[in-house]
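Spelled out, the chains give:
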Amino acid sequence: RVLYKDTDFIAIDKPAGWSVIPGRHVGGMHLQRLLPTLRFGHEENPRFVHRLSTELSGILLLARHRAAAACAKDMIRQRAFWQRVFWGVVCGRTPQSGTISMPLAQERWN
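Residues numbered from 1 in each chain as written. Predicted model: local features only at pLDDT ≥ 70, side-chain atom pairs only at ≥ 80, totals over all residues. Heavy atoms only, no water.

**Student:** Quick one: what's the story with the sheet that holds strand S2 (residues 9–14), residue by residue and with numbers?
**Tutor:** Read across the sheet, 4 strands follow the order S1-S2-S4-S3 without closing on themselves; strand pairing throughout is antiparallel. Looking at which strands have only one partner, the edges of the open sheet turn out to be strand S1 (2–5) and strand S3 (47–48). (Pairing = 2+ DSSP bridges. Helix = DSSP H or I, 4+ residues; strand = E, 2+ residues; numbered from the N terminus.)

**Student:** Which residues make up the packing of aromatic side chains, and what values go with them?
**Tutor:** Here the structure, examined in full by the defined rule, presents 0 aromatic pairs. Positioned over the ring face of Phe-40 is Lys-5, at 4.3 Å from the centre of the ring. (Phe/Tyr/Trp six-rings, centres within 6.5 Å; stacked < 30°, edge-to-face > 60°. Lys NZ or Arg CZ within 6 Å of the ring centre and 35° of its normal.)

**Student:** Lay out the pattern of salt bridges in plain terms, naming residues and giving numbers.
**Tutor:** Pairing is possible between side chains that carry opposite charge, provided their charged atoms lie close to one another. This structure, assessed with the given rule, holds 3 salt bridges. Its salt-bridge partner being Asp-13, residue Arg-1 comes within 3.4 Å of it at the nearest N-O pair. Residue Arg-1 is found in the segment before S1, and its partner Asp-13 is found in strand S2; the two are separated by 12 residues along the sequence. The exposure class of Asp-13 is partly exposed, given its relative accessible area of 29%. Salt-bridge contacts for Asp-74 lead to Arg-77; the nearest nitrogen and oxygen are separated by 2.6 Å. Of this pair, Asp-74 and Arg-77 both sit in helix H1 (residues 66–77), 3 residues apart, roughly one helical turn. According to the relative accessible area criterion, Arg-77 is exposed, its value standing at 64%. (Salt bridge = Lys/Arg side-chain N within 4 Å of Asp/Glu carboxyl O. Buried < 20%, exposed > 50% of the residue type's maximum accessible area, 1.4 Å probe, protein only.)

**Student:** I'd like to hear about H1, residue by residue, with values.
**Tutor:** With 12 residues, H1 extends 16 Å between its outermost C-alpha atoms, agreeing within 8% with the 16 Å of an ideal straight helix rising 1.5 Å per residue. Within H1, the full set of buried residues consists of Ala-68, Ala-69 and Ala-72. End-on view of H1: buried residues confined to an arc of 100 degrees, all on one side of the axis. Across H1 from its buried face, at more than 90 degrees, point the exposed residues Arg-66, Ala-67 and Arg-77. Of the surrounding elements, those touching the buried residues of H1 are S2, S3 and strand S4 (58–63). (Expected span 1.5 Å × (residues − 1). Arc of directions from axis to C-beta. Contact = heavy atoms within 4.5 Å.)

**Student:** Requested: an account of the nonpolar core, with residues and values cited.
**Tutor:** Core analysis: the largest hydrophobic core is formed by 9 residues, namely Ile-10, Ile-12, Val-20, Leu-31, Leu-35, Leu-38, Phe-48, Leu-60 and Leu-62. Residue assignment for this core shows that the elements contributing at least two residues are S2 and S4. Residues in contact with Ile-10, not counting those within four places in the same chain, are Val-2, Tyr-4, Lys-5, Leu-38, Phe-40, Pro-46, Leu-60, Leu-61, Leu-62 and Arg-64. By size, the runner-up hydrophobic cluster in this structure holds 7 residues, among which are Phe-9, Val-49, Leu-61 and Ala-72. (Core = buried A, V, L, I, M, F, W, Y, C linked by side-chain atoms within 4.5 Å.)

Written as C-alpha cells, this is what we have:
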C-alpha cells in the first residue's frame, strides 16, 4: 500500500513476511518484484533507500531517481533522517517505562 508519493520519494507499508529483495526466503514474496508497478510514470524503477527485515512490518522509503537516493542515503549515514522505533510483544508484566539494554536477537519460529 502506498502511503506517500511525491516527485522524489514513495513511502510504502511493508507487511511482515515480505522480503525487500530475493534471497534466503526463496519462494516467498519480495518487494523488488513489484518495483516496475511503482514507477507511476517515471522511466526507471524506484530504488530502496533502506531495508526492513522480512519478519518486520513498517514504512519503507523508496527514491524515485538516483539523486534522491543519494541524498537520502547520505542523510541516513549522518543519522539526520529518522529515529528507528521498534515495538515488541512481551509475555508477563513489565514496568510502566524503562529501557531495554540487551541486544535483540532474531528468533526463528517453527
